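Residue-level listing of the chains:
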There are 2 protein chains.
Amino acid sequence: MPLEERSGCPINLSMETFGDRWSLVVLRDIMFGNRRHFRELLTQSEEGIASNILAARLKRLLDLRLVSKRADPGHKQKAIYSLTEKSIQLVPVFAMLGAWGRKHLPVSRELSVRAQLLEEGGPALWEAFMDELRGIHLGATRAADARSVLAELQAAYERELAAAGCRK
Amino acid sequence: MPLEERSGCPINLSMETFGDRWSLVVLRDIMFGNRRHFRELLTQSEEGIASNILAARLKRLLDLRLVSKRADPGHKQKAIYSLTEKSIQLVPVFAMLGAWGRKHLPVSRELSVRAQLLEEGGPALWEAFMDELRGIHLGATRAADARSVLAELQAAYERELAAAGCRK
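1. Comments concerning the interface of chain A and chain B
Phase 1: Taken together, the contact pairs 43 residues of chain A with 43 residues of chain B.
Phase 2: Taken together, the elements giving at least two residues each to the side of chain A that touches chain B come down to α1 (10-18), α2 (23-33), α6 (91-104) and α7 (109-138) of chain A.
Phase 3: Among the elements that line the side of chain A that touches chain B, the one with the most residues is α6(A), at 11 residues.
Phase 4: For the side of chain A that touches chain B, a count of residues per class yields 19 nonpolar, 13 polar and 11 charged.

Next up, the structure:
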């Protein structure tokens, strides 16, 4: 389904693009969780997305070129999903949305520590993260010692999980 | 309808809050167009929102305390809708979403010039705009000579409308 284009306003067109309950959540899992196969996106979903909804969202994201799909070189039967330059550039949107959600919605500590790092890191961290995502998803070449924001976010998340375990 | 809270992730909860086609578009019209009455929101809608959808969205935004509603002091039969501190703080989200939309979606020049100003103005302009919105919607006191970002955005929009007329 292409955009309706009811108006040429960027907010309207953005909402026509991913103004639904699941599209950004699926992109979040590909981006921050590096979940690249259908099964991972389905079974590791924190929110318990249903299989038919996931399939429909992925198809729409493909149509809108927010994800791309190819055969997994290591696994001929499996498709691997990747972000595109268009969706990689959603990093600042995720950062601002996460910052707002942390402040105004009943977030859990474990699931919001990555949003906190993204907010506090500001534009410099977003650029480093987008650069890393281009390496992972678009095959862009990076220096061997380039910063891994993904590893930093994951480490912070795991520290929080461990701390939450201790608090129980 | 309250949030389902399928997970405590800020992106998930944000999408549970306004992950639909219309909620942010209605908030946009209240925020940037200062449309405060149901009829204005309905008849001036660029996207031609339907009356029943507008009523349902406003009700949901009220439930989630993203808007408030009171009798219009000048018009006893009419209700006036206002932003809340929670929705005023969406300004940076609108800015980043508008920046992304301008770059990746088929926006029109007239309807994207305000997004451009918001993007280029950065955090200092967002703060000034939120301060102004607190004056308009929450009754906060402001200096008589305080900056009006709303007037700046509106003037830029009208210049573009006029220029578009000349190009025809």
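Having seen the model, we can carry on.
2. Some remarks on the relation of the copies chain A and chain B
Phase 1: Once chain A is rotated about the relating axis by 180° and shifted along it by 0.0 Å, it coincides with chain B to within an RMSD of 0.0 Å. Here the copies are linked by what is in effect a two-fold axis. Nearest to the rotation axis, the C-alpha of Asp20(A) is located 2.3 Å from it, this being the minimum over chain A.
Phase 2: Interface overlap between copies: 100% of the residues of chain A at the interface are likewise at the interface in chain B, consistent with a symmetric, same-surface contact.

3. Comments concerning the confidence of the model for chain A
Phase 1: For chain A, per-residue confidence averages 94 on the pLDDT scale, and residues scoring 70 or more make up 99% of the total.
Phase 2: Listed scores for the predicted complex are pTM 0.95 and ipTM 0.94.

4. Quick notes on the pairing of strand β1 (residues 67-72) of chain A
Moving residue by residue along a regular strand, the side chains alternate between the two faces of the sheet.
Phase 1: Alignment of β1(A) against strand β2 (residues 75-83) of chain A, held across six bridges, turns out to be antiparallel. In the strand pairing of β2(A), Ser68(A) is matched with Ser82(A).

5. Concerning unusual backbone geometry
Phase 1: One non-glycine residue, Glu5(A), adopts positive backbone phi at about 55°.
Phase 2: As for its placement among the helices and strands, Glu5(A) is situated in the segment before α1.
Phase 3: Residue classification places Glu5(A) among the partly exposed residues on the basis of 14 C-beta atoms within 10 Å.
Phase 4: A positive phi angle is found at Asn34(B), which is not glycine, with a value near 45°.
Phase 5: Within the element layout of this structure, Asn34(B) appears in the loop between α2 (23-33) and α3 (38-43).
Phase 6: Residue class for Asn34(B) comes out partly exposed when judged on the 14 C-beta atoms lying within 10 Å of it.

6. Quick look at helix α6 (residues 91-104) of chain B
In an α-helix, one turn spans 3.6 residues; hence positions three or four apart end up facing the same way.
Phase 1: Over its 14 residues, α6(B) extends 20 Å from the first C-alpha to the last, a length consistent with the 20 Å expected when each residue adds 1.5 Å.
Phase 2: Among the 14 residues in α6(B), 12 count as buried, and that is most of the element.
Phase 3: Residues Val91(B), Pro92(B), Val93(B), Phe94(B), Ala95(B), Met96(B), Leu97(B), Gly98(B), Ala99(B), Trp100(B), Gly101(B) and His104(B) constitute the buried set of α6(B).
Phase 4: In this fold, the buried residues of α6(B) make contact with α1, α5 (85-88) and α6 of chain A together with α2, α5 (85-88) and α7 (109-138) of chain B.

7. Re the environment of Trp22(B)
Residues and elements named next belong to chain B.
Phase 1: Summarising the element assignment, Trp22 is placed in the loop between α1 (10-18) and α2.
Phase 2: Between the alpha carbons of Trp22 and Leu97 there is a distance of 15 Å; along the sequence they are 75 residues apart.
Phase 3: Contact partners of Trp22, with chain neighbours within four places excluded, come to Ile49, Ile53 and Arg57.

Conventions adopted
- Residues numbered from 1 in each chain as written.
- Chains lettered and ligands numbered in written order.
- Predicted model: local features only at pLDDT ≥ 70, side-chain atom pairs only at ≥ 80, totals over all residues.
- Contact = placed C-beta atoms within 7 Å.
- Helix = DSSP H or I, 4+ residues; strand = E, 2+ residues; numbered from the N terminus.
- Nonpolar A, V, L, I, M, F, W, Y, C, P; charged D, E, K, R; others polar.
- Least-squares fit on C-alpha atoms with pLDDT ≥ 70 in both.
- pLDDT = per-residue confidence, 0-100.
- Pairing = 2+ DSSP bridges.
- Buried ≥ 20, exposed ≤ 12 C-beta atoms within 10 Å, placed from the backbone.
- Expected span 1.5 Å × (residues − 1).

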